[in-house]
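Observations on chain architecture
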Amino acid sequence: MVQVKVGETAKNGGDMCFKTPLELGHYMVETYENSEEADIAILEEQLGVSKEEWLRICARVYEDEAMRSKFTEILNRRINDLL
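Two numbers describe how helix 1 (residues 21-33) lies on helix 3 (residues 51-59): the axes approach to 7 Å, and their chain directions differ by 160°. The orientation of helix 1 relative to helix 3 falls into the category roughly antiparallel. Taken as a pair, helix 1 and helix 3 cross one another with a handedness that is left-handed. Across the interface between the two elements, Pro 21, Leu 22, Gly 25, His 26, Met 28, Val 29 and Glu 33 of helix 1 pack against Lys 51, Trp 54, Leu 55, Cys 58 and Ala 59 of helix 3. By residue class, the composition of the contact of helix 1 with helix 3 is 8 nonpolar, 2 polar and 2 charged.

The following block contains the structure:
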């Protein structure tokens, strides 16, 4: 199981840390786009939003309370299935 932490960049052991929510968002998108077993449509279905909306949410977490709430909801309710 991979632990995802937003806050500082470090990749050690099974932990993956990201400097920003947007860095996490890009990582997830690129992982699905480059996967042979999955594609971006699967990610969008699991997140409940389009790739573009996911990246918009990640980019605006610190400026927009609604985006922060949506980001938190996705992390808490949907992302465990992806990791």
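In this model, helix 4 (residues 65-77) (13 residues) spans 18 Å end to end at C-alpha, consistent with the 18 Å of a helix rising 1.5 Å per residue. When we look at burial in helix 4, the residues that qualify are Met 67, Phe 71 and Ile 74. With its buried residues spanning 65° around the axis, helix 4 presents them on a single face. When the buried face of helix 4 is taken as reference, the exposed residues oriented beyond 90 degrees from it are Ala 66, Asn 76 and Arg 77.

Within this structure, the stated rule accounts for 2 aromatic pairs. A ring pair is formed by Phe 18 and Tyr 27, whose centres lie 5.4 Å apart and whose planes are at 45°; its orientation type is tilted. Between Trp 54 and Phe 71, the aromatic rings sit 5.8 Å apart at their centres with planes inclined by 15°, giving stacked as the arrangement. Note that Trp 54 is positioned in helix 3 and Phe 71 in helix 4, a separation of 17 residues in sequence.

The subject of this paragraph is the pattern of salt bridges. By the definition in use, this model includes 5 salt bridges. Lys 51 is the partner of Glu 33 in a salt bridge, and the nearest nitrogen-oxygen pair spans 2.9 Å. Placement of the pair is Glu 33 in helix 1 and Lys 51 in helix 3, with a sequence separation of 18 residues. A residue is classified by how much of its surface remains accessible, and Glu 33, at 42% relative accessible area, is partly exposed. Exposure remark for Lys 51: the relative accessible area of 23% places this residue in the partly exposed category. Residue Arg 56 pairs with Glu 53 through a salt bridge whose shortest N-O separation is 2.9 Å. Within this pair, Arg 56 and its partner Glu 53 are both found in helix 3, separated by 3 residues, close to a single helical turn.

Glancing now at the confidence of the model for the chain. In the predicted model, the chain carries a mean pLDDT of 82, and 76% of its residues have values of at least 70. Element-level mean pLDDT values for the chain span from 47 in strand 2 (residues 10-12) up to 97 in helix 3.

Rules of the game
- Each residue is numbered by its place in its chain's sequence as written, counting from 1.
- With the structure being a predicted model, the display of local features is reserved for residues of pLDDT at least 70 and the display and counting of side-chain atom pairs for 80 or more, all residues being used for whole-chain, interface and lining totals.
- Think of the side-chain values as coming from all heavy atoms in the structure, minus any hydrogens and water.
- Axes here refer to lines fitted to C-alpha atoms; in helices the fit is confined to the stretch in contact. Angles between the N-to-C directions go from 0 to 180 degrees.
- Labels follow the DSSP assignment, with helices taken as runs of H or I lasting at least four residues and strands as runs of E lasting at least two, numbered in each case from the N terminus.
- Here is the rule for angles: anything less than 35 degrees is roughly parallel, anything more than 145 is roughly antiparallel, 65 through 115 is roughly perpendicular, and the remaining ranges are oblique.
- Two helices crossing with the near one rotated counterclockwise from the far one by less than a right angle form a left-handed crossing, whereas a clockwise rotation gives a right-handed crossing.
- Note on definitions: a residue-residue contact is assigned when non-hydrogen atoms from the two residues lie within 4.5 Å.
- Polarity classes work like this: nonpolar for Ala, Val, Leu, Ile, Met, Phe, Trp, Tyr, Cys and Pro, charged for Asp, Glu, Lys and Arg, and polar for all others, with Gly in that last group.
- Helix span, as expected, comes to 1.5 Å for every residue beyond the first.
- Classification of residues uses two cut-offs on accessible area relative to the type maximum, computed with a 1.4 Å probe and protein chains only: under 20% is buried, over 50% is exposed, and between them is partly exposed.
- Along the arc lie the directions from the helix axis toward the C-beta atoms.
- Classification of ring pairs rests on two measures: the distance between centres of Phe, Tyr or Trp rings, Trp counted by its six-membered ring, which must be within 6.5 Å, and the angle between planes, read as stacked under 30 degrees, edge-to-face over 60 and tilted in between.
- What makes a salt bridge here is a side-chain nitrogen of Lys or Arg within 4 Å of a carboxyl oxygen of Asp or Glu, nothing more.
- pLDDT expresses, on a scale from 0 to 100, how confident the predictor is about each individual residue.

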